[in-house]
Amino acid sequence: MVVTVEHAVQGTLDELGTPLSQITFVVFDLETTGVSAGEHAITEIGAVKVRGGQVLGEFATLVDPGTPIPPFISVLTGITDAMVAQAPRIESVLPSFLEFAAGSTLVAHNAGFDVGFVKAACAAFGYPPPAHPVVDTVTLARRLLTRDEAPNCKLATLARLFSSTEPCHRALSDARATVDVLHALIERAGSFGVHTLEELKGFTRAPTPEQRRKRHLAEAVPAAPGVYVFEDERGDALYVGKSVNLRTRVRSYFTASETRPRIREMVGIAARVRPIVCATPLEAEVRELRLIGAAKPRYNRRSRFPEKVVWLKLTDEPFPRLSVVREVKDDRAAYLGPFTSVRAADDARTTLHEAVPLRQCTERLSPRRGRPACALAGIGRCGAPCEGRQSPEEYGRHAAAARRAMEVDASPVFTAVEARMARLALEERYEEAAADRDRLAAYVRASARMQRLRSLTSIPQLVAAAPAAGGGWEIHVVRYGRLASAGVMPAGAHPAPFVDALTATAETVVPGPGPTPAAGAEETECVLRWLEGPGVRLVRIEDGAGGLAGGPAQSGEDGAESGTGSDRKGAASGREGTASGTGPGWSLPITGSARLMARLERAYRAGPEPGEAHRRREGRPLR
């Protein structure tokens, strides 16, 4: 018998990864004309190549962005149009930079920004995207420094701690400062047993001690769809989220996959996680919105203040005017919105004034008491009803046109603003044309959104079903755009009794005024997205008179067939008219707005045809 003995050999530490002392780092910084890699351009590149603490080389050059540098960027960086006038374009600089960085690990402060611009440039000129390992000194600093040492992780703050070079928003100087910051942070990481590049990258992704210590908070969370609420010691909500699997989602907050600094901070404060199990994912999505709006958790950023939306109102008075308001009242006024900011509503008002000659003064006018007209009357932008030049009936025709443009058909507004844009382009007033384009796009979006919402909020009751993931049917009762009830019907069950019970126990909804009478716009849009999903079927629709469109649900081989089974998703999928046939028509559905907006973008971006007299200036920014 022959026995073969294999001798095990202990590996060295170097075999566990590449020692940091042997890594070639290219620390680089970019200066740009803006923050978007898709819309803005690089104006300067600075890079320093280091290995083992020694500088091996530097790379620095200005870059002609091909567009004017915005004044505030010139003030920030000191780089002017005159400085880059004779500089090479990025297509000439990029190959040299890629060659300088070949085989290295890229390092940047807020690396996502700088690497994003490099990737965009590579894509624009046919180079493969850089596959270098990337180290972000911002992420590293957040893991290694306390708030007592550094109140924030800005490069200027870290440079005061670790570097003699002061960052000045010039690429090479900032790259040199980042080198010193990198070396100091690597030295600190060594005390945590980080000695290789692989360990360094894993260290930045590792869960914090607070995350590891709080893992027990996820133990009692069920594996079901619903909403989870992180609460502090006093029971106040810190963060609200939703998931189709609560246990899996909550557990992820205590792992390395959760890298958001604010959320990691929230986990350190949290004392408990309160799960709220929901019947369906749609119910979870709606409950999340309602809880965020009610509790306003400080670590949620979206949907915290639904009450702060504003509306554009055509007032109800003898001579109506456009006003931006925060409240929708039960009056005969017309409303457009909601808008998330006063500025967006002002843009919509300016766009509508371009198409309809409504008065722009703010006083309430009376047919029996006049006052002097303003300058708008002198240039033909107002009919001067204040001086009695227009009767309430004559002015009413303009008000009716404005109401129709707000509620039914935005085409006249689009046509008027498009004509103005064409005139401005002929006069080479491109910045003004761009402002008109952006305002018109906001108006078209708001008009389409409101018509889309009204297609559902005008229906007193709608019952719809969709196949459930585990078999059976998800059934929802929607009243005036508000989710009133949700349930899951088992596979093979008779739908009529289940639907009857679900509607009988649904929330009683008393509609209020305006386009969103019973729920916020976000909630109604959640319901609309679900209605437009695959496999959704209408079960019952109650019209405004209390009757049923389509009749009661009938049993069928699918388990949830309705009398209008062929009319799937007619309530909100963009067909002409509402599902009940009683609401306003869709003269500008969401598909229509996309068509008009695409036409708008095409008219502005495509530029003149070769035979046209006017031509675009070289290097003019599009935005």
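### Focus on the overall build of the protein chain
Right, so step 1: When helices and strands are tallied, the protein chain shows 20 helices and 16 strands.
Right, so step 2: Scored against the burial criterion, the 623 residues of the protein chain give a buried share of 47%.
Right, so step 3: In the protein chain, 65% of the contacts between residues at least 6 apart in sequence involve partners at least 24 apart.
Right, so step 4: Surface exposure of the protein chain reaches about 30500 Å², of which carbon and sulfur atoms provide 52%.

### Structural notes on the packing of helix α17 (residues 430-457) against helix α19 (residues 521-531)
Right, so step 1: Between α17 and α19, whose axes approach to 10 Å, the crossing angle comes to 75°. One element, α17, and the other, α19, form an angle in the roughly perpendicular class. Here α17 contributes Arg-449, Arg-452, Leu-453, Ser-455, Leu-456 and Thr-457 to the contact with α19, which in turn contributes Ala-521, Glu-522, Thr-524, Glu-525, Val-527, Leu-528, Arg-529 and Leu-531.
Right, so step 2: Its residues assigned to classes, the contact of α17 with α19 comprises six nonpolar, three polar and five charged.

### Focus: helix α11 (residues 261-269)
Right, so step 1: Buried within α11 we find Ile-263, Arg-264, Met-266 and Val-267. For α11, the angular spread of buried residues about the axis comes to 155°, placing them on one side.
Right, so step 2: Buried residues along α11 sit in contact with α5 (137-144), α8 (197-205), α9 (209-213), β6 (226-231) and β7 (237-243).

### Notes on the sheet that holds β6
Through backbone hydrogen bonds, the strands of a sheet pair up, either in parallel or in antiparallel fashion.
Right, so step 1: Spatial ordering of the open sheet is given by β7-β6-β8, a layout of three strands whose pairing is antiparallel. Both outer strands of the open sheet, β7 and β8 (272-277), are each paired with one neighbouring strand and no more. Recorded for the sheet is a direction-independent mean angle of 20° between the axes of neighbouring strands.
Right, so step 2: Packed on one face of the sheet, helix α12 (residues 281-295) meets β6, β7 and β8 and runs near 165° to β7.

### Details of helix α16 (residues 411-426)
Right, so step 1: Under the 1.5 Å per step criterion, the end-to-end length of α16 is 23 Å for 16 residues, consistent within 8% with the ideal 22 Å.
Right, so step 2: Among all positions of α16, only Val-413, Phe-414, Val-417, Arg-420, Met-421, Leu-424 and Ala-425 are buried. The buried side chains of α16 occupy one side of the element, clustering within an arc of 140° when seen end-on.

### Topic: the pattern of salt bridges
Right, so step 1: Evaluation of the coordinates by the stated rule reveals 31 salt bridges.
Right, so step 2: We note a salt bridge from Asp-438 to Arg-437, for which the minimum N-O separation is 3.0 Å.
Right, so step 3: For Asp-438, a relative accessible area of 37% puts it in the partly exposed group.
Right, so step 4: The structure contains a network of salt bridges with shared partners spanning Lys-242, Glu-288, Arg-302 and Glu-522.

### Details of the sheet that holds strand β1 (residues 24-32)
Right, so step 1: Spatially, five strands are ordered β3-β2-β1-β4-β5 in an open sheet, and the strand pairing comes out mixed. The sheet is open, and its two borders are formed by β3 (54-62) and β5 (134-136), each paired with just one other strand. Along the sheet, successive strands turn relative to each other by an average axial angle of 20°, direction set aside.
Right, so step 2: In this structure, β1 lies alongside strand β2 (residues 42-51), joined through nine bridges in antiparallel fashion. Its bridge partner lying in β2, Val-26 is registered against Lys-49.
Right, so step 3: Contacts from helix α7 (residues 171-190) reach β1, β2, β3, β4 (105-108) and β5 within the one sheet, and its direction differs from that of β2 by about 35°.

### Some thoughts on the side chain of Glu-407
Right, so step 1: Mapped onto the secondary structure, Glu-407 falls in helix α15 (residues 392-407).
Right, so step 2: Discounting residues that sit within four places of it in the chain, Glu-407 has contacts with Ala-334, Tyr-335, Met-450, Gln-451 and Arg-454.

### Quick notes on the packing of α5 against α7
Right, so step 1: The N-to-C vectors of α5 and α7 enclose an angle of 40°; their axes lie 10 Å apart at closest approach. In this view, α5 runs oblique relative to α7, as classed from their interaxial angle. In this structure, the crossing between α5 and α7 has a hand that is left-handed. Contact residues: Thr-137, Leu-140, Ala-141 and Leu-144 in α5; Thr-178, Val-181, Leu-182, Leu-185, Arg-188 and Ala-189 in α7.
Right, so step 2: When grouped by side-chain class, the residues that make up the contact of α5 with α7 number seven nonpolar, two polar and one charged.

### Regarding the packing of aromatic side chains
Right, so step 1: Tallied over the entire structure, the rule returns 11 aromatic pairs.
Right, so step 2: Ring geometry for Phe-28 versus Phe-97: centroids 5.5 Å apart, planes at 55°, classification tilted. You can see Phe-28 sitting in strand β1 and its partner Phe-97 sitting in helix α3 (residues 90-100), a full 69 residues away along the chain. An identical accessibility class is assigned to Phe-28 and Phe-97; each is buried.

### Topic: the environment of Thr-139
Right, so step 1: By secondary structure assignment, the location of Thr-139 is in helix α5.
Right, so step 2: In this structure, the C-alpha to C-alpha distance between Thr-139 and Thr-204, residues 65 residues apart in sequence, is 6.5 Å.

### Section: the pairing of strand β13 (residues 473-479)
Right, so step 1: Counting buried residues along β13, seven of its seven residues qualify, which places the element largely inside the surrounding structure.
Right, so step 2: Residues Trp-473, Ile-475, Val-477 and Arg-479 line one face of β13 and the alternating positions Glu-474, His-476 and Val-478 line the opposite face, and both faces are buried.
Right, so step 3: Across six bridges, the pairing between strand β12 (residues 461-467) and β13 is antiparallel. Among the inter-strand pairings, Pro-467 is bridged to a residue of β13, identified as Trp-473.
Right, so step 4: Counting the residues between successive antiparallel strands, the hairpin from β12 to β13 contains five residues, one of them, Gly-471, with a positive phi of roughly 100°.
Right, so step 5: In the sheet, β13 pairs with strand β14 (residues 482-489) via seven bridges, with the strands oriented antiparallel. When the sheet's bridge partners are listed, His-476 is paired in β14 with Ala-486.

### Examining the nonpolar core
Right, so step 1: Of all hydrophobic cores here, the largest spans 29 residues; its most connected members are Phe-25, Leu-182, Leu-185 and Leu-200.
Right, so step 2: Every element with two or more residues in this core is listed here: β1, β2, α5, α6 (155-162), α7 and α8.
Right, so step 3: The dominant element in this core, judged by the number of residues it contributes, is α7, at eight residues.
Right, so step 4: Discounting chain neighbours no more than four positions away, the residues touching Leu-200 are Leu-20, Val-135, Leu-140, Ala-189 and Val-194.

### A short note on the confidence of the model for the protein chain
Right, so step 1: Here the protein chain averages 81 in pLDDT, while 80% of its residues score no lower than 70.
Right, so step 2: Confidence drops under pLDDT 50 across residues 550-593; counting only partners more than four residues distant or on other chains, this segment forms 95 contacts.
Right, so step 3: Here residues 603-623 scores under 50 on pLDDT; set against residues more than four positions off or in separate chains, the count is 40 contacts.

Cut-off values and rules
Residues numbered from 1 in each chain as written. Predicted model: local features only at pLDDT ≥ 70, side-chain atom pairs only at ≥ 80, totals over all residues. Heavy atoms only, no water. Helix = DSSP H or I, 4+ residues; strand = E, 2+ residues; numbered from the N terminus. Buried < 20%, exposed > 50% of the residue type's maximum accessible area, 1.4 Å probe, protein only. Contact = heavy atoms within 4.5 Å. Areas by Shrake-Rupley, 256 points an atom, 1.4 Å probe, with all protein chains shown as cover. Axes fitted to C-alpha atoms, helices over the stretch in contact; angles between N-to-C directions. Parallel < 35°, antiparallel > 145°, perpendicular 65-115°, else oblique. Nonpolar A, V, L, I, M, F, W, Y, C, P; charged D, E, K, R; others polar. Arc of directions from axis to C-beta. Pairing = 2+ DSSP bridges. Expected span 1.5 Å × (residues − 1). Salt bridge = Lys/Arg side-chain N within 4 Å of Asp/Glu carboxyl O. Left-handed = near helix turned anticlockwise from the far one by under 90°. Phe/Tyr/Trp six-rings, centres within 6.5 Å; stacked < 30°, edge-to-face > 60°. Core = buried A, V, L, I, M, F, W, Y, C linked by side-chain atoms within 4.5 Å. pLDDT = per-residue confidence, 0-100.

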